[in-house]
Structures are given as structure tokens and as C-alpha cells.
Amino acid sequence: MMKRLLKRSAIALLVLVILVFLALGWYLHTKKVQRDGTVSLNGLSASVQVTYDERGVPHIQAQNQADLYRTLGYVHAQDRLFQMEMVRRLAGGELAEILGPKLIDMDRLFRTLGLRDFASHYALTMNKNSASSQALIAYLDGINQFQATHPAPLEFDLLHIPKRPFTVEDTIAVSGYMAYSFAAAFRTEPALTAIRDKLGADYLKIFDLDWHSQGVVQSGPALASNDWMKLDKIAQLSQAGIEELAIPQLEGSNAWVVSGTHTASGKPLLAGDPHIAYSAPAVWYEAQLSAPDFELYGHFQVLNPMALLGHNQSFGWSLTMFQNDDIDLVAEKVNPQNANQVWVHNQWVDLTSREELIQVKGAAPVKLVLRRSPHGPIITDAFKDNYGDAPIAMWWAFLETDNPVLDAFYELNRADTLSKARNAASKISAPGLNVVWANAKGDIAWWAAAKLVKRPANINPAFILDGTSADADKSEFYDFADNPHEENPSRGFIVSANFQPVSPTGVAIPGYYNLYDRGQRLVQLLSQSGIKWDTKNSQALQLDVQTGYAARVLKPMLPILTQVLTTPEDKRLLDILTKWDGNYQTNSIAPTLFSQLIYQLAHNTMASRLGDVQFQNLLRTRTLDFALPRLLDDQQSIWWGTSTEAKFDARQAMLAGAWDDSLAHLRQTFGNDTAQWQWGRAHTLTHRHPLGQQQPLDKLFNIGPFSVPGGREVPNNLSGPIGPAPWAVGYGPSTRRLIDFADTTKALGINPVGQSGVLFDAHYNDQAKLFAAGVYVNEHTEKADVDSHAREHLLLQSQ
């Protein structure tokens, strides 16, 4: 009897387990991307054929452009709906509604930036009959139709996200987030101002900045400790919070174009690899758009129907970040009799204000009062306890210009001539972008595209400005002809790698530029005599992992370390650094030693003086990269302090201590066997999903880790901020594209993870290992080629 009962119980349990697995299988089946068969899409004027290739890239064939963009929205939503939702909630300050109170501060920050308000005004005043607006409206309709007719993505169910339509306002707000995401001012200006005001101007000498007393905060409104706490919090949130959400941020980029005189084919060759923070899914969605009057293979970002990277048989382009300073932080002086007035142009001026409500999951809504001065939104109101402190306003070109960015990229998607491309680039106001372009006729060009503001000559926008002075005012912008640019230069190639460009009219262009070493390395390689470039040998340029920066840092450092190090083991390791050529290969321990040593040097000289928050901010700025060689060259720098050892001067003592601390950390992290300190073990890439921050969901959603070469400011810029070992790669090439205009059907590319953001989809992570290994894949454009690589066919018809 008991055996029979146990047997029945076991059978019942087995049946239950099977039913659970069947139910789970059916549930996941409802979330699948449909790439085969026939589906209905209202609003189409004719049937649309979508052919999916072996990587899940849709090749869309429509009879007109309206149908083309409506279908693009539909297929984009199939693969990336959760990504669309997260990015629009970030830009709109609506994350706490689905993620709870821990995201209130992030929402406060983005509400304070004013992207929602700006987007609403933009949507009301845009010309809805323009070609770019019509494309956007059709694209959004495709997204919304998919969302309305399909089960919500898995992540929606887990987070209980309600469905709601996507709007024009969402697209504009997200474009503002993309502009903000590489605004280094939020990290750099508070850090440099803190160094100047808390430590003194002498501490700024290593940063290679002209320190101007006019226009910056000095005798005007002083910043209290509470003000510094708010700026610290903004700087932290502007970076760390977004990293935790695994939402892509723009970081830097490489792009170059070689004229036909230097290529094997005799036609221009275009190369591009924009550097963006890694995430799952990746930032780019690839698609080929084809209609009788339009054809383009493009790389698209969420909620934008215009390709930001693209090519066809006639022309193509890539982008890098201009990194001009288009944000000023301005300290306002408050009327002691009226906290809602500030001193501007020799009079008290009222602040305008509006209220917004932040919905919070599991908690009461939070009311936020957002104020604005004549200089811009008061960003410190995001964390304000009272009105008695000095408000910090933000002037941002993105909010202060018409910025017809949709028109700009609509035109750039069709810019087959030099004049068309130049005109399209001229319409980009913010963020600043370098447009690197070529066509099959033989033209090559580059434009640094942005509205460059005219600032008074006596101010330095690297610091927080004084709102009581006219020096904080902005009157007008330079003409586009003043922007840096090149068209068909005699040298036969153009390189854009985030270094500071030069205006043809001598206009000063403040910015937060990257080290020049990466650009110099590319120029050095492209300048080699006797080489004719093609898509094969160009791969070696994009995958190059050598930099001259290491030599610049080590040149003053090595003689000092040679004097102070005495043990055989220290000398052996120092010899490895001495012989190192700056290559970040996975089997080398030299880059591990170097990366730990420069962090330790920065930490030992600066951390205690700056405090943890400002030191962490400084680590994430590009100014520190420039400062370290200058610090090492200056034996008398105030940063060295005073030596307590009679046999060493202060610089020698500091370097000896940094060396000892570096080795201690590496031994603790990787063990005493230095053979285990190889770069490939210390330097890994993981593509993180927003839900992969919690265990065990990280095992499901995250992709990686992968051992990768490359490093900070090498061409293959798989990198992150300066910091201690081990190093998790935070950003790098978001794709690698190579297009020879002699035969664009052989164009090469790669996605860091895969086309789809749908967990368990075949294309969720099918390119991740290839990307980490530096492999390229073909981007199919010719019909016969597409057909031969077709895996699935989707037919869309209107009901």
C-alpha cells in the first residue's frame, strides 16, 4: 500500500514538473521574435518583405519610404522593446516607477536636466509634414503596433512595467540623454573647481589649464560644503547610476577615411568604430532599408528611425564624438531677502519654476520643484534641502539651440555628394559629432559638427562660472565655416580620434578631449609608405593595441624607480616595464603592472587631498590622463608633498611607495606568481543587462566574461576609467566597420553581442565570442548575397 502511494506521489510530482516545464516553455514561446510567416501591420500601402540573414539582420524591401519606416519600427521593437522602454524612462526620469525608491535620485537628476520639458516643446513646434517627421511618425507607429498586438517582453513581466505608447517626445528626450551621456563637464568642472578652491591654484599646474581669475567663482557666491555635496552627488549619478543600469553611454571613437590614391582598389575606404559603453543588448541595431527611391545599410539606435552610421554603394559615413565643451555650470548669487531671486546683470531676477511628480514603486510619489535661472535649469535643486545655498545652473547647448538633429540625419542618410553631406552636418547643434564621410566618386571629408558658442575671451569654462558676471552670458554662436573640417586633403587620408581639433579660422574650442596618442598611432600607421589599404590590412589598424602614452609616462618614471628599487624581484619586474613597447596583449604582464602603477600613483598623490568622491570623479575625467606625465616631469610639484626619508626626495619617496603598493595589490588579487598577472586575466569584458545586476539573474542575462586585449587609449580601445586591478572593460568599439567603395557588397562589420535583446533568442549573444576575438563578418547588401544568406522571411501586410 505504502509503495503504491509513493509511486503515485512520484508520478504526480513528475507530472507536475513536466506541466511546469511545459508552461514555462509555452510562456517563453510567446516572447519569441517572429521572423518567418505573415503578420498584419496597419497603415501599409503595400506588402513589405523582410528577409533575415544568418545574424538576424532584417533586410526590408518596401514600395515606399513610409512603409519602410513603419516596418523598421515594427521589427526594431520585436528585438529591442525593453531597451526602448528603459532608455525612455531614464531620459524622462521615470525609473523609480518600476525599480523603486533607490532610483529616485536618478529620476530627480534627469527631471532637473529638463529633457522632458524640452522634448514637449520640440514636439509641439516641429513641422509634422517634413520628411524627417513623417519618417519618425511612421516608425513610432510600427513600434506601437507591435507592442499593442504582442505579449510584453519577459522583463516587463518581471518588473511589472505597464505598456504605453511611444511618442515623439520620447525620441527627442532620448536624443538628449545621448547628448548628456558624454557630457564630461559634470565630472570635470566640479573636480577642477574643488582642486582650485579647496587646495589652491598651484595644484592645477599639472592639468595644463590656463587659470583665469575672471569669470570663475572667486569673490562672488562662495560654494558651501552643502553645495559641494550636491555637485559630488550629481557627478556620481551622472556616471555610476547609469553604469549600474547597463544603459549605453557614448565615450569616444575612431574613424578614418583613406582616398583612392592610398587604397588597393583606387576608391576611398571608410573605417569606423564608435566607442560606447557595453551592455546587453548592444546599442546598435542593424538593418538594410530598400525602396525604389532609397537604399541604405544602417546602424540604428532605439527610438530613432534615422541611421546614425550607414552606407550604400554610393556613399557612407561614421561618427566620433567631437567632445567640445557645450555645458557650462554657473553658480548663482541668491537674494538673501528672496530665495527665488538671483543676481544677474546688476539686478535681482526671478527664477521660474514648475512642479513635477515622480511616481515611486512601493512608496509615495515625490514632488519635485524645478527652477530655472536666465543661465539654465538649477541642477542642484535635484538634491536641495533648502533655498539658502548657492544654486548651480546649467547652460547646455542642447537645450539652447533649435537643434534639428532629425533633419540632419535624415539628410545625412541621403548625402551622396560632398555638398549634401556638408549641409547635413551643419544642422547638428548638440551633441558635437565628427562626421567622417566618403563617396564612390572619390571624395573624402570630415566635419566637426556642433553649434560652437562664443564665450568671452577671459573666461575658462573648465571651471564653474560666476553667475553675477556677464562672463557667464552666451550671446551668439560661430558660423559653421569656423568649425574644424577637411575636404579632400592632399595627404590622402583623414583621422578622427577625439583629440583636440583646430579651427580653420583660429577659433578657440574648449572641450574635454582625449589623449592625442591614439590619434597619433593611427596617423603613424596610415602614413607608412608603400602600403595600399584594403579591408584586410585595415583590420589590423582597428585591432591595434599599442600606444605611445605608456612611453611618455614611463620616460620620467623609470630612472627614478631604477634609483629607489633594490631587490632582485623589483628589478626584474622593472626590467619588464623598461622593455615594454606599449602593447596591451593578453599574454603580457607589463600592461598589468603599468595600469596598476599609474592608478596607485594617482591615488597616493591625490586621494587624501581630494576626498574619495572627488578623487573618483577625477579618475573618470580625461584631464587626469594629461596630468600624469606632467606630474612626473615636475620634481617640485606641490602634489609630491614632503619626504620623510632623508635618502629620497618627495617624488622618489612617492614613487617608491606607489610601486610597493602596486605589487602588494597585484599579489593580493592574482597571487605571488607573477606569471598569473597576465593582462588577459586582469582585463575582461562582460556585457551587462539591466536585470543582470542581481544574482542569479546575472547568469541568465549577462554575456561574458571574455578575456580581451586592448586598453585605455589604444586604437582597440577596450577600456574603462583609471583604477585598481582587476579591470572590467566598460566601453570600447561598439561595432567595427570597414567599407571599400570599390565594392560595398564586401563591407565588414560586427556587433559586440547580437541583434536581439530577447533572452534565449538565437541572436541574443551569437556574435559575442567573435567580437572578443576580433573577427569581422560580412554586411550583406546585394540582393543575390542577401538571398543566399537568408534564414527566415517575414511578410507584412495591412489588414
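Calculation rules
Residues numbered from 1 in each chain as written. Predicted model: local features only at pLDDT ≥ 70, side-chain atom pairs only at ≥ 80, totals over all residues. Heavy atoms only, no water. Helix = DSSP H or I, 4+ residues; strand = E, 2+ residues; numbered from the N terminus. Rg over C-alpha atoms; globule rule 2.2 N^0.38 Å. Buried < 20%, exposed > 50% of the residue type's maximum accessible area, 1.4 Å probe, protein only. Contact = heavy atoms within 4.5 Å. Areas by Shrake-Rupley, 256 points an atom, 1.4 Å probe, with all protein chains shown as cover. pLDDT = per-residue confidence, 0-100. Phe/Tyr/Trp six-rings, centres within 6.5 Å; stacked < 30°, edge-to-face > 60°. Lys NZ or Arg CZ within 6 Å of the ring centre and 35° of its normal. Pairing = 2+ DSSP bridges. Axes fitted to C-alpha atoms, helices over the stretch in contact; angles between N-to-C directions. Salt bridge = Lys/Arg side-chain N within 4 Å of Asp/Glu carboxyl O. Expected span 1.5 Å × (residues − 1). Bend = angle between axes of the 7 residues up to and from the residue. Parallel < 35°, antiparallel > 145°, perpendicular 65-115°, else oblique. Left-handed = near helix turned anticlockwise from the far one by under 90°. Nonpolar A, V, L, I, M, F, W, Y, C, P; charged D, E, K, R; others polar. Polar contact = N/O pair within 3.5 Å; in protein donor to acceptor, adjacent residues only side chain to side chain.

A. The arrangement of the overall build of the protein chain in detail. When helices and strands are counted, the protein chain shows 25 helices and 30 strands. Taking 2.2 N^0.38 as the reference for a compact globule, 799 residues should give roughly 28 Å; the C-alpha atoms of the protein chain span a radius of gyration of 27 Å, in line with that estimate. Expressed along its principal axes, the backbone C-alpha trace of the protein chain runs to roughly 85 × 80 × 70 Å. A buried classification covers 61% of the 799 residues belonging to the protein chain. Summarising the internal contacts of the protein chain: among those between residues at least 6 apart in sequence, 71% fall at separations of at least 24. Taken as a whole, the protein chain presents about 30300 Å² of accessible surface, with 52% of it coming from carbon and sulfur.

B. Spatial organisation of the confidence of the model for the protein chain. On average, the protein chain scores 91 in pLDDT, and the residues at 70 or more come to 90%. Taken as a whole, residues 211-221 scores under 50 in pLDDT and shows 33 contacts with residues more than four places along the chain or in a different chain.

C. Structural context of the environment of Phe-322. Looking at the element boundaries, Phe-322 is found in the loop between β9 (315-321) and β10 (327-331). Residue classification places Phe-322 among the buried residues on the basis of a relative accessible area of 1%. Between the alpha carbons of Phe-322 and Gln-249 there is a distance of 15 Å; along the sequence they are 73 residues apart. Excluding residues that lie within four positions of it along the chain, Phe-322 makes contacts with Gly-432, Leu-433, Asn-434, Ala-448, Ala-449, Ala-450, Leu-452, Pro-484, Pro-501, Ile-509 and Tyr-513.

D. A look at the packing of aromatic side chains. Scanning the model with the defined rule gives 17 aromatic pairs in all. Arranged with centres 5.4 Å apart and planes meeting at 50°, the rings of Trp-580 and Phe-594 form a pair that is tilted. Note that Trp-580 is positioned in the loop between α17 (568-579) and α18 (590-610) and Phe-594 in helix α18, a separation of 14 residues in sequence. A connected cluster of aromatic rings, assembled from ring pairs, spans Trp-580, Tyr-584, Phe-594, Trp-679 and Trp-727. A cation over an aromatic ring shows up here: Arg-414 above the ring of Phe-294, its NZ or CZ 4.1 Å from the ring centre.

E. View of the sheet that holds strand β13 (residues 347-350). One open sheet holds the three strands; their spatial order is β11-β12-β13, and the pairing between them is antiparallel. At either margin of the open sheet sits one strand with a lone partner, and together these are β11 (334-335) and β13. Both strand β12 (residues 338-344) and β13 contribute to a ladder of four bridges, which runs antiparallel. Among the inter-strand pairings, Trp-343 is bridged to a residue of β13, identified as Trp-348.

F. Quick look at the pairing of strand β19 (residues 444-449). The buried count for β19 comes to six of six residues, which makes it a mostly enclosed element. With burial as the criterion, each face of β19 is covered, one bearing Ile-444, Trp-446 and Ala-448 and the other bearing Ala-445, Trp-447 and Ala-449. Inspection of the sheet shows strand β18 (residues 433-439) paired to β19 by six bridges, in the antiparallel sense. The residue of β19 that forms the bridge with Trp-437 is Ala-445. Linking two consecutive strands that pair antiparallel, namely β18 and β19, is a turn of four residues; a positive phi of about 120° is found at Gly-442 within it. For β19 and strand β21 (residues 485-487), the ladder comprises three bridges, and the chain directions are antiparallel. Following the sheet pairing, Ala-445 is matched in β21 by Glu-487.

G. Region of interest: the sheet that holds strand β20 (residues 465-466). Spatial strand order, β17-β10-β20: three strands in an open sheet with mixed pairing. At either end of the open sheet lies a strand with only one pairing partner, and these are β17 (392-396) and β20. Bridge count for β10 against β17 is five bridges, and the pairing is antiparallel. In the sheet register, Leu-329 faces β17, and the bridge partner there is Met-394. Across the face of the sheet, helix α9 (residues 185-199) comes into contact with β10 and β17 while running at roughly 40° to β10.

H. Fine view of the pattern of salt bridges. Evaluated as defined, the whole model comprises 33 salt bridges. The partner of Arg-55 in a salt bridge is Glu-286, with the nearest N and O atoms 3.0 Å apart. Placement of the pair is Arg-55 in the loop between β2 (48-52) and β3 (58-61) and Glu-286 in strand β6 (residues 285-291), with a sequence separation of 231 residues. Residue Arg-55 is classed as buried on the basis of its relative accessible area, which comes to 4%. Across the pair Lys-367 and Glu-355 runs a salt bridge, and its minimum N-O distance is 3.8 Å. Linking Lys-367 in strand β15 (residues 366-373) with Glu-355 in strand β14 (residues 352-358), this pair joins segments that are twelve residues apart in sequence. Through salt bridges that share partners, Glu-94, Arg-111, Arg-116, Arg-164, Arg-354 and Glu-356 make up one connected network.

I. Focus on helix α16 (residues 549-564). For α16, built from 16 residues, the straight-helix expectation of 22 Å at 1.5 Å per residue is met to within 8% by its first-to-last C-alpha distance of 23 Å. Bending of α16 peaks at approximately 40° at the position of Lys-555, with proline Pro-556 no more than four residues after it. Taken as a whole, α16 has its buried residues at Tyr-549, Ala-550, Val-553, Leu-554, Pro-556, Met-557, Leu-558, Ile-560, Leu-561 and Val-564. Lining the buried residues of α16 we find α14 (517-526), α17, α18, α20 (623-633) and α21 (650-670).

J. Inspection of the pairing of β10 at higher detail. Counted residue by residue, β10 has five buried out of five residues, so it is predominantly covered. By the alternation rule, side chains of β10 split into Ile-327, Leu-329 and Ala-331 and Asp-328 and Val-330, which are all buried. Here β10 pairs with β20 via two bridges, running parallel. Paired with Ala-331 across the strands is Asp-466, a residue of β20.

K. The environment of Ala-725, seen in detail. Looking at the secondary structure, you find Ala-725 in the loop between β24 (703-707) and β25 (727-728). When the C-alpha atoms of Ala-725 and Ala-682 are compared, they prove to be 6.5 Å apart, with 43 residues separating the residues in sequence. Excluding residues that lie within four positions of it along the chain, Ala-725 makes contacts with Gln-596, His-665, Leu-666, Thr-669 and Phe-670.

L. Local environment of the packing of helix α5 (residues 115-125) against helix α8 (residues 168-180). It is the contact of α5 with α8, at a shortest axis distance of 8 Å, that shows an interaxial angle of 130°. As the angle between them shows, α5 and α8 are arranged oblique. Of the two elements, α5 crosses α8, and the hand of that crossing is right-handed. Residues Leu-115, Phe-118, Ala-119, Ser-120, Tyr-122 and Ala-123 of α5 form the contact with α8, whose participating residues are Val-168, Glu-169, Ile-172, Ala-173, Gly-176 and Tyr-177. Taken together, the residues of the contact of α5 with α8 sort by class into nine nonpolar, two polar and one charged.

M. Region of interest: helix α2 (residues 65-92). The end-to-end C-alpha distance of α2, which contains 28 residues, comes to just 30 Å, noticeably less than the 40 Å that a straight helix rising 1.5 Å per residue would cover. Of all the bends in α2, the greatest, near 85°, is centred on Arg-80. Capping of α2 at its N-terminal end is provided by Asn-64; its side-chain oxygen lies 3.2 Å from the backbone amide nitrogen of Ala-66. Phi turns positive one or two residues past the end of α2, at Gly-93, with a value near 70°.

N. Region of the structure containing unusual backbone geometry. Residue Pro-696 is bonded to the preceding Gln-695 through a cis peptide linkage, with omega at 0°. Mapped onto the fold, Pro-696 is located in the loop between β23 (683-687) and α23 (697-701). The step from Gly-704 to Pro-705 runs through a cis peptide bond, and the omega angle for that step is 5°. Note that Pro-705 resides in strand β24.

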